[in-house]
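Observations on the model geometry
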Amino acid sequence: VFLGNGEEWHRYRTLLNKRLMRPQQAAVFTPMMDEAARDFVSYLRQTRDHEGTVTDFQEHLFRWAFESGCTALFSQHLGLLSEDPPQLAKDFIDSNVKVLETTNTMFVIPPKGHRALNTKAWKGHMDGWGTMFRVAKELIEDKMKIEMERKDEEGEITDLASYLISKDLSPKEVLGNLMDLLGGAVDTTSNTMTFTLHALARLPNIQDKLHDEVMSFAPDHQAPVTQEQ
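Reference entry: report on the structure contained in this document. (Residues numbered from 1 in each chain as written. Predicted model: local features only at pLDDT ≥ 70, side-chain atom pairs only at ≥ 80, totals over all residues. Heavy atoms only, no water.)

Let us look at the overall build of the chain. Each helix and strand counted, the chain has ten helices and zero strands in total. Structurally, the chain occupies a C-alpha span of about 55 × 50 × 35 Å along its principal axes. Expressed as a percentage of contacts within the chain between residues at least 6 apart in sequence, the contacts between residues at least 24 apart total 64%. Surface summary for the chain: the accessible area is close to 14200 Å², and the carbon and sulfur share equals 55%. Across the chain, the 25 positively charged side chains and the 35 negatively charged ones have centroids separated by 7 Å. (Helix = DSSP H or I, 4+ residues; strand = E, 2+ residues; numbered from the N terminus. Contact = heavy atoms within 4.5 Å. Areas by Shrake-Rupley, 256 points an atom, 1.4 Å probe, with all protein chains shown as cover. Lys, Arg positive; Asp, Glu negative; His and termini not counted. Charge placed at Lys NZ, Arg CZ, Asp CG, Glu CD.)

Turning our eyes to something else, we now look at the packing of helix α4 (residues 57-74) against helix α9 (residues 171-202). The interhelical angle for the contact between α4 and α9, taken along N-to-C directions, is 135°, at an axis separation of 8 Å. Comparing the axis directions of α4 and α9 gives the class oblique. The handedness of the crossing between α4 and α9 comes out as right-handed. Counted together, F57, Q58, L61, F62, W64, A65, F66, C70, L73 and F74 of α4 and L178, L181, L182, V186, D187, T189, S190, N191, M193, T194 and L197 of α9 form the full contact between these two elements. Class assignment for the residues of the contact of α4 with α9 results in 15 nonpolar, five polar and one charged. (Axes fitted to C-alpha atoms, helices over the stretch in contact; angles between N-to-C directions. Parallel < 35°, antiparallel > 145°, perpendicular 65-115°, else oblique. Left-handed = near helix turned anticlockwise from the far one by under 90°. Nonpolar A, V, L, I, M, F, W, Y, C, P; charged D, E, K, R; others polar.)

This part takes up the packing of aromatic side chains. Applying the stated criterion across every chain yields a total of four aromatic pairs. Between the aromatic rings of W129 and F133, the centroid separation amounts to 5.9 Å while the plane-to-plane angle is 55°, which identifies the pairing as tilted. Taken as a pair, W129 and F133 lie in helix α7 (residues 120-149) at a separation of four residues, close to a single helical turn. Judged by its relative accessible area of 33%, W129 is partly exposed. For F133, a relative accessible area of 41% corresponds to the partly exposed category. Three or more aromatic residues joined by ring pairs make a cluster, and in this case those are F40, Y43 and W64. (Phe/Tyr/Trp six-rings, centres within 6.5 Å; stacked < 30°, edge-to-face > 60°. Buried < 20%, exposed > 50% of the residue type's maximum accessible area, 1.4 Å probe, protein only.)

Grouped burial of nonpolar side chains is what soluble globular proteins tend to show. Core analysis: the biggest nonpolar cluster contains 42 residues, and F66, L73, F74, F92, I140, L178 and L182 have the highest contact counts within it. Elements with a minimum of two residues in this core: α1 (6-20), α3 (30-47), α4, α5 (87-106), α7, α8 (160-166) and α9. (Core = buried A, V, L, I, M, F, W, Y, C linked by side-chain atoms within 4.5 Å.)

Another point: the environment of L139. Position of L139 among the secondary structure elements: in helix α7. Taking the C-alpha atoms as reference points, L139 and S95, separated by 44 residues in sequence, lie 16 Å from one another. Setting aside residues up to four positions removed in sequence, L139 forms contacts with F66, F74, L78, L88 and L182.

On the secondary structure map, E67 appears in helix α4. For the buried E67, which has no salt bridge, the nearest side chain bearing the opposite charge is R63, at an N-O separation of 8.4 Å. In this structure the side chain of E67 is engaged in a polar contact, spanning 3.1 Å, whose partner is the backbone nitrogen of L80. (Salt bridge = Lys/Arg side-chain N within 4 Å of Asp/Glu carboxyl O. Polar contact = N/O pair within 3.5 Å; in protein donor to acceptor, adjacent residues only side chain to side chain.)

In this section: unusual backbone geometry. We note that S75 has phi near 55°; this positive angle belongs to a residue other than glycine. Tracing the chain through its elements places S75 in the loop between α4 and α5. With a relative accessible area of 23%, S75 lands in the partly exposed category. Positive phi, close to 50°, is recorded for N118, a residue that is not glycine. Position of N118 relative to the elements: it lies in the loop between α6 (111-117) and α7.

These figures capture arrangement, not role.
This is how it looks when you write it as structure tokens:
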């Protein structure tokens, strides 16, 4: 959907819009997203030092964004916010960081120049993308195998992978669209959250208003956020 054009792009975009752009449909992801957010808060509490400082905060946000994204795509948590996260997910996060770092270098010298000279930045960039595609492909193929086995079973569709498979797309089309979403969701979500938290830290009055609004939905500080809320 990110790299397509014309009728092909419109077809994929229309399918995904029905799940991602309609509030009622997107709300289906709320309970598992809320669970990932709670896990992230617990994870940060365990990660901070004796002075209460969390270092490498951007990396931790990458973990949270990837974990949250997987709940929407596959209806499952990968355990990135646990004490011993799976190597597969850690490889994806590390590669995502590598791609972002080398992308900045590509803005200085055009990619064609890096490719012709086979620079360190180019090799790191391609290695990062290669690992991201490998991890995403493995996750998606595992999900597709499960869904294909139970394709004729009735039940509510709660994730994007199952939704795309139900639309009779080819395995290649499902794989391509989910890979785009997984690869594009981590840095955009984490960077947006970084800016949001920075703005809230600088504007305590707005932070208080947001806190009051959140507490109006969860007055006991424990109630999980539901789809209805």
